[in-house]
Structure formats: structure tokens, C-alpha cells
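# Chains, contacts and geometry: an overview
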Amino acid sequence: MTPAGRGADGRTPPYRGLIVDFAGVLTTPLGASVREWCARQGLPADSWRRALVDDPAGRALYGELELGRLSQREWNRRTAELIGAGVEPEDLMGRAHAGVRAAPAMVGLVRAARAAGLSVALLSNSYGLDPYNPYTVTGVWDLFDVRVISGEVGLAKPDPGIYRLTLERLGLPGGACVFVDDHFPNLGPAEELGITTVHADGPGAARAVARLLGLP
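Everything numeric in this text was worked out from a predicted model, so none of it was measured. (Residues numbered from 1 in each chain as written. Predicted model: local features only at pLDDT ≥ 70, side-chain atom pairs only at ≥ 80, totals over all residues. Heavy atoms only, no water.)

### Focus on the pattern of salt bridges
A side chain of one charge can pair with a side chain of the opposite charge if their charged atoms are brought near each other. Condition: A carboxyl oxygen of Asp or Glu within 4 Å of a side-chain nitrogen of Lys or Arg is what we treat as a salt bridge. Counting from the N terminus, the helices are the DSSP runs of H or I reaching at least four residues and the strands are the DSSP runs of E reaching at least two. Buried, partly exposed and exposed residues are distinguished by accessible area as a fraction of the type maximum, computed with a 1.4 Å probe on protein chains only: under 20%, between the cut-offs, and over 50%, respectively.
Counted according to the given criterion, the structure contains 10 salt bridges. With a closest N to O distance of 2.7 Å, aspartate 21 and lysine 157 form a salt bridge. Of the two residues, aspartate 21 is situated in the loop between β1 (17–20) and α1 (30–41) and lysine 157 in the loop between α8 (150–153) and α9 (160–170); the sequence distance between them amounts to 136 residues. Its relative accessible area of 6% is what places aspartate 21 among the buried residues. We classify lysine 157 as buried; its relative accessible area is 6%. Two residues, aspartate 46 and arginine 50, come together in a salt bridge whose shortest N-O distance is 3.1 Å. When its relative accessible area of 38% is taken as the criterion, arginine 50 is described as partly exposed.

Now the structure itself:
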């Protein structure tokens, strides 16, 4: 994990807000759940990645889903067609993510930050809410004062607009906030707004953020 954004004198500014990504930060890694789903379907372990990442059509569909231009139900249908092999579209996203759970250490961090008086925000590139709502299924929705979900606002990270919107809803300047994300390209636009960033690239991310915020 890589903290950034300290003041010119090397001291950490007094933070008043914590902004947290969802998938892979507030949750257990998605990859294990997806691979388990592939195994249950009798598919090669990389089938999900090949359809969603390697296939340009799959990447385009996912981008539309993130921005709320495509419903999850329609995404399920069209992505099942891309994967092929007789995959059923019904609740495809939910079935593939059935093994995803909230990450206890990061949930504990969010609770501790809120108890200490910080405002806490969820900033997530969405993958739809119906029929599978990942935020309620994992039990994290009510942890936050502010929730900015890409599919609801028509903006997605790393668009600078979604960070500005999050700060606006928090009522805080960038310099008063820390943002945690596991996708490195999402950090730069936040830093441009003065937000301190932490790259959640390992299991010690929650401890690193707690130290940054001065939490026990």
C-alpha cells in the first residue's frame, strides 16, 4: 500500500473524511469466487476474465454497466452469450460473486473512523443492483454516511468528476480526505484534487490507513 499526499513539511494533515472503494478493498478478492463459479460450471478458470477483460465486446458491456447505461439483467444476458458453453444468464453476476464477503479488517477500519468522528464515503464503480445488490449482500451499505455509486451518477472512476462529486457530498475539501483503492489508475485523479491516497495492494492496507488517520 502506498500512502501519498502528505503536507510539504512531511506531517500528516488532520483528516476529516475517509473514502473507500468497494470490490477488492471492502471485500474479499473477487477472483477466487469467480474461479470457483467457473469450476462449478465446468469452464476453464480464466473464462470470466476472457469474456469481461480480453474480449473488447465484454469490456464495452462492462463499461456500460458501470455507467448505468445497461441494466444488470441485460448485462447478465449478453455476457452469458459471450461466455457461451450453455451458461444460464439468470443472476449471472450474483452466482459468480457468491463467494465474495466483506473484508473484516477494512470494515473494522470504516467503523473505527466513523466512531472517531470522520465522515466516511463509499465510492464504487458499480456492477448493477438488481437482481444482485453487492452492497447489501455483503452488509456494507449502512457503514457509510455518503455513497457514490457510478451507475447511479453516470460517472465512473477514474473520471475526475466522480471524485469531485464525492467531496461535494461529504462537504469536505480534498486535503481533508483519504481515499483507498486497489486499482492504481484510480488514484491519480484523486491526488490531483488534493486527496491523500492509499493503494490497497496487500493485506496490511487497513492497518496502514488506520495509522495514517491516527486510529488505534
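### Observations concerning the layout of surface pockets
The gaps left among the atoms become clear once a water-sized probe is rolled over them. Formally: Points on a 1 Å grid over protein atoms alone make up a cavity when a 1.4 Å probe fits among them but cannot get out, and a pocket when they form an open set with protein on both sides within 12 Å along at least five of seven lines; lining residues each have an atom within 4 Å of a point. Grid points are joined across faces, edges and corners, and a volume is the space filled by probe spheres set on the points.
Considering only enclosed or pocket space, the largest pocket measures out at about 1,100 Å³ in volume. As for the largest pocket, its lining consists of 39 residues, of which Ala23, Gly24, Leu30, Tyr62 and Asp182 are closest to the centre. Counting only elements with at least two residues in the lining of the largest pocket, the list comes to α1, α2 (47–54), α3 (56–66), α6 (104–115) and α11 (205–213).

### Brief notes about the packing of α2 against α3
The cut-off we apply is this: All axes are obtained by fitting lines to C-alpha atoms, using only the stretch in contact for helices, and the reported angles, taken between N-to-C directions, cover 0 to 180 degrees. In this scheme, roughly parallel covers angles under 35 degrees and roughly antiparallel covers those over 145, while 65 to 115 is roughly perpendicular and the rest are oblique. Here, residues are in contact when the closest pair of their heavy atoms is within 4.5 Å. Each residue is assigned to one class: nonpolar for Ala, Val, Leu, Ile, Met, Phe, Trp, Tyr, Cys and Pro, charged for Asp, Glu, Lys and Arg, and polar for all the others, Gly among them.
Where α2 contacts α3, the axes come no closer than 5 Å and their chain directions differ by 75 degrees. Accordingly, the angle class assigned to the pair α2 and α3 is roughly perpendicular. The residues of α3 that touch α2, namely those facing Ala51, Leu52, Val53 and Asp54, are Pro56, Gly58, Arg59 and Tyr62. For the contact of α2 with α3, a count of residues per class yields 5 nonpolar, 1 polar and 2 charged.

### Remarks on the sheet that holds strand β5 (residues 196–199)
What counts, and what does not: For two strands to count as paired, DSSP must find a minimum of two bridges between them.
Here 5 strands make up an open sheet; going across it, the order is β3-β2-β1-β4-β5 and the pairing parallel. Each edge of the open sheet is held by one strand with a lone partner, namely β3 (146–149) and β5. Within this sheet the neighbouring strands show an average axis-to-axis angle of 20 degrees, counted without direction. Of the pairings in the sheet, the one linking β1 to strand β2 (residues 119–124) comprises 4 bridges and is parallel in character. Within the sheet, the bridge partner assigned to glycine 17 lies in β2 and is serine 119.

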